[in-house]
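Spelled out from the first residue to the last, the chains are:
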Amino acid sequence: MTMALGGIAVVMSSRGVGLGPGWQVGLVAGVIGALVFAVGGFVAACRFAGMPVLVVAAGQQLGAAALLVPAALLLVGSGLAPRPHPTAHAVVALLLLGVLGSGVAYLLFYWLIEHEGPVRTAVVNLVVPVSGVVWSAVLLGEPVGWSDAGGVVLTAAGVALVLRPAPLPEVP
């Protein structure tokens, strides 16, 4: 696990994410987010055991929408939004991002919890910075430097070590 975290630190530092002013707030927010994600996996494994994965993922997305839509409407109505009314293009993009991005991601997340357990599923988070480097290079044409590649390799090696099968007990 330490190797994977080291790889993430290398990738993040090579991307210009460092300890600037206010870094403590970002660190605390990151730790709280990781903690909530980890605890959430165990809660989901216990609370939703036996429920169809599609039902759990859809329920979570619909619950989030039920909380966020009224807040978004209040923001638009308050004049604090960048535009007085969202464009049709923005609404369609938001729906596609929600369904294809978050919806599919949570479908996979709950499938992994059901089939691999919450501990192994939590390791998926370690791959997020790696996918960020890969997708930024593929989709945005951003350069990938040696430190990026080294961080990706270090992270992948750490994840592989965490996910390796447990050794079989010796037979006397």
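Residues numbered from 1 in each chain as written. Predicted model: local features only at pLDDT ≥ 70, side-chain atom pairs only at ≥ 80, totals over all residues. Heavy atoms only, no water.

Colleague: Mind showing me how you'd approach the packing of aromatic side chains here?
Modeller: Aromatic ring pairs are described here by two measures, namely the spacing of the ring centres and the angle between the planes. Going through the model one piece at a time under the given rule, you end up with three aromatic pairs. Each ring, one from Y106 and one from F109, has its centre 5.9 Å from the other, and the planes form 85°; the classification is edge-to-face. In this pair, Y106 and F109 both sit in helix α4 (residues 88-116), three residues apart, roughly one turn of the helix. Classification of Y106 by relative accessible area gives partly exposed; the value is 26%. (Phe/Tyr/Trp six-rings, centres within 6.5 Å; stacked < 30°, edge-to-face > 60°. Helix = DSSP H or I, 4+ residues; strand = E, 2+ residues; numbered from the N terminus. Buried < 20%, exposed > 50% of the residue type's maximum accessible area, 1.4 Å probe, protein only.)

Colleague: Explain the nonpolar core to me, please; I cannot follow it from the model alone.
Modeller: Within soluble globular proteins, side chains that are nonpolar tend to cluster in buried spots. Membership of the largest hydrophobic core is limited to seven residues, which are A44, V53, V56, A57, F109, Y110 and I113. Going through the elements one at a time, α3 (53-78) and α4 are the ones with two or more residues in this core. Apart from the residues within four sequence positions on either side, A44 is in contact with A49, Y110 and I113. (Core = buried A, V, L, I, M, F, W, Y, C linked by side-chain atoms within 4.5 Å. Contact = heavy atoms within 4.5 Å.)

Colleague: It is not clear to me how the UniProt feature "transmembrane region" (unreviewed entry) in the protein chain should be interpreted in this structure. Could you clarify?
Modeller: The positions UniProt marks with the feature "transmembrane region" (unreviewed entry) are residues 26-50, 62-81, 87-112 and 119-138. For the annotated span residues 87-112, helix accounts for 96% and strand for 0% of the residues, and the straight-line distance between the end C-alpha atoms is 36 Å. The annotated region residues 119-138 carries 75% helix and 0% strand content, and the separation between its end C-alpha atoms amounts to 30 Å. (UniProt positions renumbered as here; feature names shortened; annotations may be inferred.)

Colleague: What am I meant to see in the environment of V130 here?
Modeller: Assignment of secondary structure puts V130 in helix α6 (residues 128-140). For the pair V130 and D148, spaced 18 residues apart in sequence, the C-alpha separation works out to 8.7 Å. In contact with V130, other than residues within four places in its own chain, are V152 and T155.

Colleague: Where do I start with the environment of N125 in this structure?
Modeller: Tracing the sequence through the fold places N125 in the loop between α5 (118-122) and α6. Relative accessible area serves as the criterion here: at 31%, N125 is assigned to the partly exposed category. Sequence-wise, N125 and V159 are 34 residues apart; in three dimensions their C-alpha atoms are separated by 10.0 Å.

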